[in-house]
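Chains, contacts and geometry: an overview
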Amino acid sequence: VYAAEPAVPTLLKWSDTPITFSRQDQWTSFSSPGHYPLVVDPVMAGKRLTRTLIDGGSGLNLIFAKTLTLMGLDISTALQPADSSFYDIIPGTAAVPLGHITLPVTFRTSDNYRTEFIRFEVTDFKTSYHAIIRRPALAKFMAIPHYVYLLLKMPGPNGVLSLRGDLR
């Protein structure tokens with residue numbers, strides 16, 4: 001009674017592009033399918049971040065203070081105040097982000113690309129990754145990860161972008 005929806009749904013941008021996976025997407029053999037992380041190399045704020053983890057299981061996009069410093073950004077002026085703490089990063093305790101930042105993120109191939117502005121929570125954790133892209137960014141890109149094929153697919157202006165993970 002208190003909610004109303006339009007009779008005709010509003011279609012999401014890029015929702016008219018079908019994305020499928022097939023045997024042709026398998027580009028390497030694995031001894032343990034699904035045990036390797038999906039790591040890609042998007043361009044963020046003009047810098048290629050070669051160790052960006054795709055993790056579709058959580059609701060926070062993370063970037064690390066060290067990464068922002070390596071990108072040449074001054075975290076003392078670039079960050080917005082943190083909204084709240086988050087949990088399940090450090091078992092049994094809340095993690096307090098240093099703040100948040102919105103950055104342009106570009107996924108590309110030689111003939112196709114997509115850029116979206118993504119909000120990241122900034123933390124000071126020690127990690128081997130530059131950033132972790134999770135559900136909010138994947139939804140904005142309408143991206144679908146395939147963890148067995150180590151492949152990320154999303155609609156682009158020239159068809160479906162297929163981005164292979166980095167085994168290194």
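To start, this report covers the structure provided alongside it. Worth saying up front: this structure is predicted, and the values here are computed from it rather than measured.

Along its length, the chain carries three helices and 13 strands. Judged by the C-alpha coordinates and their principal axes, the chain covers about 55 × 45 × 35 Å. Expressed as a percentage of the 168 residues in the chain, the buried residues total 37%. Total accessible area on the chain stands at roughly 10,300 Å², and carbon and sulfur atoms take up 54% of it.

Turning our attention to the sheet that holds strand E13 (residues 159-164). What the three strands build is an open sheet, ordered E11-E12-E13; its pairing is antiparallel. Each edge of the open sheet is held by one strand with a lone partner, namely strand E11 (144-146) and E13. Mean inter-strand twist for the sheet, computed between neighbouring axes without regard to direction, equals 25°. Examined bridge by bridge, E11 and strand E12 (residues 151-156) share three bridges and lie antiparallel to one another. Pairing of Ile 144 across the sheet is with Lys 153, part of E12.

Residues other than glycine seldom take positive phi values, yet Ala 45 does so here, at roughly 50°. The residue Ala 45 is located in the loop between strand E2 (43-44) and strand E3 (47-48) in this model. Since its relative accessible area comes to 34%, Ala 45 is described here as partly exposed. The residue Met 142 is not glycine, and still its phi comes out positive at about 55°. By the element assignment, Met 142 lies in the loop between helix H3 (135-141) and E11.

Bringing the sheet that holds strand E1 (residues 38-40) into the picture now. Pairing is mixed across the open sheet formed by eight strands, whose spatial order is E1-E4-E10-E5-E9-E8-E2-E3. The sheet is open, and its two edges are formed by E1 and E3, each paired on a single side. As defined by bridge partners, E2 adjoins strand E8 (residues 99-108) across two bridges and the pair is classed as antiparallel. Across the sheet, the residue bridging to Met 44 is Val 105, located in E8.

Right, let's get into the nonpolar core. Grouped together as the largest cluster of nonpolar side chains are 29 residues, with contacts concentrated most on Met 44, Ile 63, Phe 107, Phe 120, Ile 133 and Leu 152. Of all the secondary structure elements, the ones that give two or more residues to this core are E1, helix H1 (65-70), E8, strand E9 (113-123), strand E10 (131-133), H3, E12 and E13. No other element matches E8, which puts four residues into this core. Discounting residues that sit within four places of it in the chain, Met 44 has contacts with Leu 49, Thr 52, Ile 63, Met 71, Pro 104, Val 105, Phe 120, Ala 131 and Ile 133. With seven residues, the next largest nonpolar core counts Leu 62, Phe 64, Phe 86 and Ala 95 among its residues.

Our focus in this paragraph is the pairing of E8. In terms of burial, E8 is largely enclosed, as seven of its 10 residues are buried. Bridge count between E8 and E9: 10 bridges; the pairing is antiparallel. By the bridge assignment for E9, Thr 106 is matched with Thr 115.

This part takes up the side chain of Asn 112. Relative to the elements of secondary structure, Asn 112 occurs in the loop between E8 and E9. Residue classification places Asn 112 among the buried positions, given a relative accessible area of 4%. From its side chain, Asn 112 meets the backbone nitrogen of Asn 158 in a polar contact 3.1 Å long. Polar side-chain contacts of Asn 112 include one of 2.9 Å to the backbone oxygen of Gly 159. For Asn 112, the residues in contact, after removing those within four places along its chain, are Phe 107, Gly 156, Pro 157, Asn 158, Gly 159, Val 160 and Leu 161.

Cut-offs and rules
- Residues numbered from 1 in each chain as written.
- Predicted model: local features only at pLDDT ≥ 70, side-chain atom pairs only at ≥ 80, totals over all residues.
- Heavy atoms only, no water.
- Helix = DSSP H or I, 4+ residues; strand = E, 2+ residues; numbered from the N terminus.
- Buried < 20%, exposed > 50% of the residue type's maximum accessible area, 1.4 Å probe, protein only.
- Areas by Shrake-Rupley, 256 points an atom, 1.4 Å probe, with all protein chains shown as cover.
- Pairing = 2+ DSSP bridges.
- Axes fitted to C-alpha atoms, helices over the stretch in contact; angles between N-to-C directions.
- Core = buried A, V, L, I, M, F, W, Y, C linked by side-chain atoms within 4.5 Å.
- Contact = heavy atoms within 4.5 Å.
- Polar contact = N/O pair within 3.5 Å; in protein donor to acceptor, adjacent residues only side chain to side chain.

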